[in-house]
Amino acid sequence: MNKLIAERDYSAQEISHLLLNIPLQEGTRLVVAVDCRLLAQHARSYRVDEDVHETIGSYRKYLERNDQHEDITYLEYLQSYNLKTWRRLATQAKKRVLSYFPRYRSMESSPQFNDFCRVKLMMSHPHRSPEDLLAVDGQRFDCFAAAYKFCREQHHDTHADDHYGLPETNELRAEDDEFELEAHEEPVADEDWHELARMLPDRPLEEEDINMLGRRDIDIDYD
């Protein structure tokens, strides 16, 4: 059976930008890529010609942070801190936009649901290793799905929004528009027949008779 294969060609310039962590574009908002895979699958080296260079990703930098930043979550680090110096961004600076990859399915029946729960815990709970996410409020669980379920029951979704979605949602939905549409009614100019229609058939008896075609005595007698 024939199958269609999607193919995308990468230029050498784009590949070098990705390997060197150089932005491919510039904008008014800073976008940070978030690798949601297991820590062992994060890239740690890249090759330039014959030389192999080691690199440390943002998640590993977070896990190896100093004790003074012990209570900082991974979400706060990515959105509001300098990723190299750990200095907090200025108060007027906008939070960075997070670009997650991959996005695991949030349906409980999906085999990816455990990874989805791991990412949710990873973003909102301070930790030193991924295994620490299995413990929530002193209780340890066998899987990330059970730990995240207990987290939601205890914390009642008080964590900051990580924009990764919620359980049992099939797809991301656009946020509600900040501005509501206002309904404007156009003024209607009354025609002459509108005035006559309002007076008939329940017009007051004291008003003068109105000669109208079809209601005159000659018309009624003819019928």
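To keep things clear, this report deals only with the structure shown in the data block. (Residues numbered from 1 in each chain as written. Predicted model: local features only at pLDDT ≥ 70, side-chain atom pairs only at ≥ 80, totals over all residues. Heavy atoms only, no water.)

## Some remarks on the pattern of salt bridges
Phase 1: On inspection of all chains with the given rule, the structure shows five salt bridges.
Phase 2: With a closest N to O distance of 2.8 Å, aspartate 35 and arginine 37 form a salt bridge.
Phase 3: Given a relative accessible area of 22%, aspartate 35 falls into the partly exposed group.
Phase 4: We classify arginine 37 as partly exposed; its relative accessible area is 29%.
Phase 5: The salt bridge involving arginine 128 is made with glutamate 70; its shortest N-O contact spans 2.5 Å. Pair noted here: arginine 128 is in the loop between helix H4 (113-124) and strand E5 (135-136) and glutamate 70 is in the loop between helix H2 (58-63) and helix H3 (74-80), with a separation of 58 residues, a long-range link.
Phase 6: Judged by its relative accessible area of 26%, arginine 128 is partly exposed.
Phase 7: Connected through salt bridges with shared partners, the residues Asp67, Glu70 and Arg128 form a single ionic network. (Salt bridge = Lys/Arg side-chain N within 4 Å of Asp/Glu carboxyl O. Buried < 20%, exposed > 50% of the residue type's maximum accessible area, 1.4 Å probe, protein only. Helix = DSSP H or I, 4+ residues; strand = E, 2+ residues; numbered from the N terminus.)

By themselves, these observations are geometric and do not establish any function.
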